[in-house]
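Inside the fold
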Amino acid sequence: TPWASSRTRMRPNGWSAMAPPSIGPRHRTRDGRAAPRETGRIWNAGECPRGRLLSGVHMFVLGIDPGLTRTGFGLLRAGHPPEAVAAGVIRTDPARDTPSRLAELFDDLSAVIAERRPDVVAVERIFTNRNLQTALAVGRASGIVLLAAARAGIPVVEYRPSNVKLSVTGDGSADKRMVGEMVVRRLRLDRPPRPADTADALAVALCHLQTLRVPA
């Protein structure tokens, strides 16, 4: 199934990279009742309590690679191997003012979360040793991601880029090409997801599953 094309503004169901599965409530107790969600708490890598996020039959992780111009996202369903359910990128127009772009990112990401209803959001933490302007833009976008997840009552876990690379490729200094190749191999995709922001988001989701020792 082809990956989603990039869009500056999403429409309902217009961003999905893959045919959506039949998704119902996923947090269930043994007697079939809906289990309560965690609130939108932010966990650091290694702190996320396994039992709280694996109380259901399935687990869906939304990986996010934040950016002001492009924010990649990828939804995985835990399994052996994990299944890529949806992926794509949210774009904002660099010609517009920053507040408007942040508002657009919030609206579009909130739409993704509302439709896909992930159990947890995994975000790549900002890398401070980069260009100051880039770091500022990524930091603002990261804040929007945290806000959108918190408003939806979904827990967030943040991972450093080096931790994501180490988890997915075995090399904490791997380049984007290597990350993309390992994402293809581990998710058994036909070809690398494009743009690279999409592959990075799927890598973050894979990192989270591996951190929790869910089959990935």
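Here the structure is a predicted model, which means the values were calculated and not measured. (Residues numbered from 1 in each chain as written. Predicted model: local features only at pLDDT ≥ 70, side-chain atom pairs only at ≥ 80, totals over all residues. Heavy atoms only, no water.)

Moving on: the overall build of the chain. Regarding its fold elements, the chain presents six helices and six strands. Shown N-terminal to C-terminal, the secondary structure of the chain runs as helices and strands in the order β-α-β-β-β-α-β-α-β-α-α-α. Of all 216 residues assigned to the chain, the portion counted as buried reaches 48%. In the chain, the share of contacts with a sequence separation of at least 24, taken over all contacts with a separation of at least 6, comes to 69%. As presented, the chain carries roughly 10,500 Å² of accessible surface, and 50% of it is formed by carbon and sulfur atoms. (Helix = DSSP H or I, 4+ residues; strand = E, 2+ residues; numbered from the N terminus. Buried < 20%, exposed > 50% of the residue type's maximum accessible area, 1.4 Å probe, protein only. Contact = heavy atoms within 4.5 Å. Areas by Shrake-Rupley, 256 points an atom, 1.4 Å probe, with all protein chains shown as cover.)

So, about the side chain of aspartate 197. On the secondary structure map, aspartate 197 appears in helix H6 (residues 196-211). Note on aspartate 197: relative accessible area 11%, which makes it buried. Apart from residues no more than four positions distant in its own chain, aspartate 197 is found in contact with Asp65, Arg70, Gly72 and Val89.

Per-residue pLDDT for the chain has a mean of 77; in total, 70% of the residues score no lower than 70. Within the model, the stretch residues 1-43 combines pLDDT values under 50 with 119 contacts to residues more than four positions away or in other chains. The model gives residues 45-57 a pLDDT under 50, and that stretch makes 31 contacts with residues more than four places away or in other chains. (pLDDT = per-residue confidence, 0-100.)

What follows covers the pattern of salt bridges. For the structure shown, the criterion picks out five salt bridges. Notably, a salt bridge pairs arginine 70 with aspartate 197, separated by 2.8 Å at the nearest N-O pair. Placement of the pair is arginine 70 in strand S3 (residues 70-77) and aspartate 197 in helix H6, with a sequence separation of 127 residues. (Salt bridge = Lys/Arg side-chain N within 4 Å of Asp/Glu carboxyl O.)

If you check helix H3 (residues 132-151), its first and last C-alpha atoms are 29 Å apart, about what 20 residues at 1.5 Å a residue would give, namely 28 Å. Residues of H3 that are buried sit in contact with strand S2 (60-65), helix H2 (98-116), strand S5 (120-124) and strand S6 (156-159). A positive backbone phi angle near 75° is found at glycine 153, which sits one or two residues after H3. (Expected span 1.5 Å × (residues − 1).)

For strand S4 (residues 83-91), the tally of buried residues reaches seven of nine residues, placing the bulk of the element in the interior. Bridge analysis of S3 against S4 gives eight bridges, and the strand direction is antiparallel. Directly across from leucine 76, in S4, lies its bridge partner alanine 84. Hairpin remark: S3 followed by S4, antiparallel, with five residues in the connecting loop. (Pairing = 2+ DSSP bridges.)

We now examine the nonpolar core. Counting 26 residues, the largest nonpolar core has Val61, Leu76, Tyr159, Val164, Val168, Val183 and Leu187 as the members making the most contacts within it. Breaking this core down by element, the ones donating at least two residues are S4, S5, S6, helix H4 (161-169), helix H5 (176-187) and H6. Ranked by residues supplied to this core, first place goes to H6 with seven residues. Listed in part, the 23 residues of the second largest apolar core include Val85, Phe106, Ile113 and Val123. (Core = buried A, V, L, I, M, F, W, Y, C linked by side-chain atoms within 4.5 Å.)

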